[in-house]
Every structure is written in C-alpha cells, then in structure tokens.
Amino acid sequence: MNAFNCLIKWFPLNMKEPLSLINMFMFWSWFIIIFYNYFKTIFLGPGFLRKRWRPKNKEDEKYLQYCTICQGFKTSQAYHCRKCGRCISKFDHHCPWMNTCIGHINQTNFCWFLFYSILGCLHALLMISPCIYRVLFISYSSIRINEPRIYFTLTGLVSSILTLGFTIGVIIAVGLLLIIQIKNIICNHRRLKSFIYPYNLGFKENICQLFNRIDYFNLITDG
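Residues numbered from 1 in each chain as written. Predicted model: local features only at pLDDT ≥ 70, side-chain atom pairs only at ≥ 80, totals over all residues. Heavy atoms only, no water.

Counted only if it meets this: UniProt positions are given in the numbering used here, feature names are shortened, and annotations may be inferred rather than shown by experiment.
As recorded in an unreviewed UniProt entry, the protein chain goes by Palmitoyltransferase and comes from Adineta steineri. Note on the protein chain: under the UniProt heading Sequence similarities (unreviewed entry), the record states "Belongs to the DHHC palmitoyltransferase family." The annotation that UniProt attaches to the protein chain under Subcellular location (unreviewed entry) is "Membrane".

Structure, rendered in structure tokens:
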C-alpha cells in the first residue's frame, strides 16, 4: 500500500498516457501473479507419498529406503519431513512461510512465486525511492511546473522509509533463495546425500522437467 501511495504521487494514473496505464497495470499484475503462485504452492502441496506404499515389483524394494514412520518405501529423491509427518516426493525443503514442503508438485509455482516477488519489489522500489528522495533532498522551489509535487506526513514518510528497507531486504533474501533453487534445478540436485541412480539429465532436460510452458496452468510436470 505504501508503494501504491507513492505510485499515485510519482506516476499518477492518466488515461491519455500509455506509460501511465502500463505502469498501473503492471503494478497490480504483480499482486495477482504473486498471490496466484503463492496459494497454488500451498494448496497443491509438495506431493505426499502414500503411507504404506510399496513398489509393484517386489525386487525393486532393495533399491529403496524404508520409512518406519510412514511404514512404506520412499521413491527416489523422497525424504520424510518431520514437520509435515509425511514422506515428500522430490523433497527440496520445508518452507515455514508456506507452512508446507516444497517438492515435486509445487516447486514450479514456488520458483515463479520467488521470481515475481522480486520483480514486484523492484517495481515498488522504483516507485518509493524517487518520492523519498524528492521529499528529503529537493526543495519545492526547484521543482518544475510539469513535475509532480510529493507530499508526506511524518508518519507516511517514516512508513515509506521502512517499506523501502523491507523491499530491499526482500529482494536480497528472496533473490538468494531463487539462486539456490535455480542451481539445484540445473543440476537436478536435492538436499539429500546418497542416491543410487544419477538424476542429472543435462541442463536443458533438467529445466524442462520443472518449467514447461504447456503445463504451466496444470502445474504438475514430469519431474
């Protein structure tokens, strides 16, 4: 809301200016896309393995680990999450912000959530920064007639400065998390130590397993 408040001060909506319409459209689009992927990540879930699951071929059991809690075998790259109390297919990590694990089914949406959160925060940063700079460092007498005049109450100014700090913090923190995710996806690497089978199929194939434009709205890829 602070970013929107700065947006209408610095770049107010003008139906006659295409850039103004595009800016406003993009600003609210971030919210829709971010929350879409956020809730999809939560409600789809990571891909919980069935309790007491066993492979169809009994000989395959010797290649799989057995979970004593779920009383079933784990599929390749699966891991038992203590917080969820279930075995997770292609377990990546348990996310406290999502209150669920990130795994086979919801990792695509989780990565899109991180990516668009960064873009949304960058857009907010571009709206907040000029407003704070003008209020603190530019006198009203030096502002041209056709330039917007920025006004803040003391509470609004402090709130905007705090928002600016939080925005930068989110960009850095979420950006680092996204880098880790991309690194793991490119190598098809999970946070587990020992595997029997190689999972690195090459850069292109690893990416296609998770990001498939055709399956973007189906959200369950072949990874």
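Picking up where we left off.
## Some points on the overall build of the protein chain
Rules: Numbering of helices and strands runs from the N terminus; a helix is a DSSP stretch of H or I covering at least four residues, while a strand is a stretch of E covering at least two. Per-residue accessibility, obtained with a 1.4 Å probe over protein chains only, is compared with the maximum for each type, and a residue is labelled buried under 20%, exposed over 50%, and partly exposed between these values. It only takes one pair of heavy atoms within 4.5 Å for two residues to be counted as in contact. Using a 1.4 Å probe, the Shrake-Rupley method yields the accessible areas, and only the shown protein chains count as cover for residues.
Looking only at helices and strands, the protein chain has five helices and six strands in total. In sequence order, the secondary structure elements of the protein chain are arranged as α-α-β-β-β-β-β-β-α-α-α. Of all 223 residues assigned to the protein chain, the portion counted as buried reaches 42%. Partitioning the intrachain contacts of the protein chain with sequence separation of at least 6 by distance along the chain shows that 55% fall at a separation of at least 24. Accessible area for the protein chain stands at about 14,000 Å²; split by element, carbon and sulfur atoms hold 65% of it.

## Description of the layout of surface pockets
Selection criterion: The pocket and cavity definitions rest on a 1 Å grid over protein atoms only: a 1.4 Å probe that fits but cannot leave marks a cavity, an open set with protein on both sides within 12 Å along at least five of seven lines marks a pocket, and residues lining either have an atom within 4 Å of a point. Grid points are joined across faces, edges and corners, and a volume is the space filled by probe spheres set on the points. Three residue categories are used. Nonpolar comprises Ala, Val, Leu, Ile, Met, Phe, Trp, Tyr, Cys and Pro, charged comprises Asp, Glu, Lys and Arg, and polar comprises the others, including Gly.
Taken as a whole, the largest pocket holds about 730 Å³ of empty space. Taken together, 26 residues form the lining of the largest pocket, with I34, F113, S117, C121 and V170 sitting closest to its centre. Counting only elements with at least two residues in the lining of the largest pocket, the list comes to helix 1 (2-10), helix 2 (18-44), helix 3 (107-137) and helix 4 (154-187). In the lining of the largest pocket, the residues fall into 21 nonpolar, five polar and no charged.

## Details of the environment of N109
Relative to the elements of secondary structure, N109 occurs in helix 3. Given the relative accessible area of 0%, N109 is considered buried. When the C-alpha atoms of N109 and K40 are compared, they prove to be 6.6 Å apart, with 69 residues separating the residues in sequence.

## Looking at the UniProt feature "transmembrane region" (unreviewed entry) in the protein chain
UniProt marks residues 21-39, 113-138 and 150-180 with the feature "transmembrane region" (unreviewed entry), using the numbering shown here. In this annotation, residues 21-39 is assigned 100% helix and 0% strand; the end-to-end C-alpha distance for the span is 27 Å.

## Concerning the packing of helix 3 against helix 4
Going by this rule: For every element, the axis is a line fit to its C-alpha atoms; helices are fit only across the contacting stretch, and the angle between N-to-C directions ranges from 0 to 180 degrees. When describing relative orientation, an angle under 35 degrees is termed roughly parallel and one over 145 degrees roughly antiparallel, while 65 to 115 degrees is termed roughly perpendicular and anything else oblique. It is the rotation of the near helix from the far one that decides the hand of a crossing: anticlockwise by less than a right angle makes it left-handed, clockwise makes it right-handed.
Where helix 3 contacts helix 4, the two axes come as close as 8 Å, and the packing angle between them is 150°. The angle between the axes of helix 3 and helix 4 places the two elements in the roughly antiparallel class. Judged by the twist between their axes, the crossing of helix 3 over helix 4 is left-handed. Classifying every residue of the contact of helix 3 with helix 4 gives 22 nonpolar, seven polar and no charged.

## So, the pattern of salt bridges
Our working definition: The term salt bridge refers to a pairing of a side-chain nitrogen on Lys or Arg with a carboxyl oxygen on Asp or Glu at a separation within 4 Å.
Applying the stated rule across the entire model yields two salt bridges. In this structure, the salt-bridge partner of R54 is E61, at a minimum N-O distance of 3.3 Å. Classification of R54 by relative accessible area gives partly exposed; the value is 43%. Salt-bridge contacts for E61 lead to K58; the nearest nitrogen and oxygen are separated by 3.8 Å. If you follow the salt bridges from partner to partner, you end up with R54, K58 and E61 in one network.

## A look at helix 4
Basically, it comes down to this: An expected span of 1.5 Å times one less than the residue number is assigned to each helix.
Its 34 residues give helix 4 an end-to-end C-alpha distance of 50 Å, which sits within 8% of 50 Å, the value for a rise of 1.5 Å per residue. Of the residues trailing helix 4, N188 is marked for its positive phi of about 55°.

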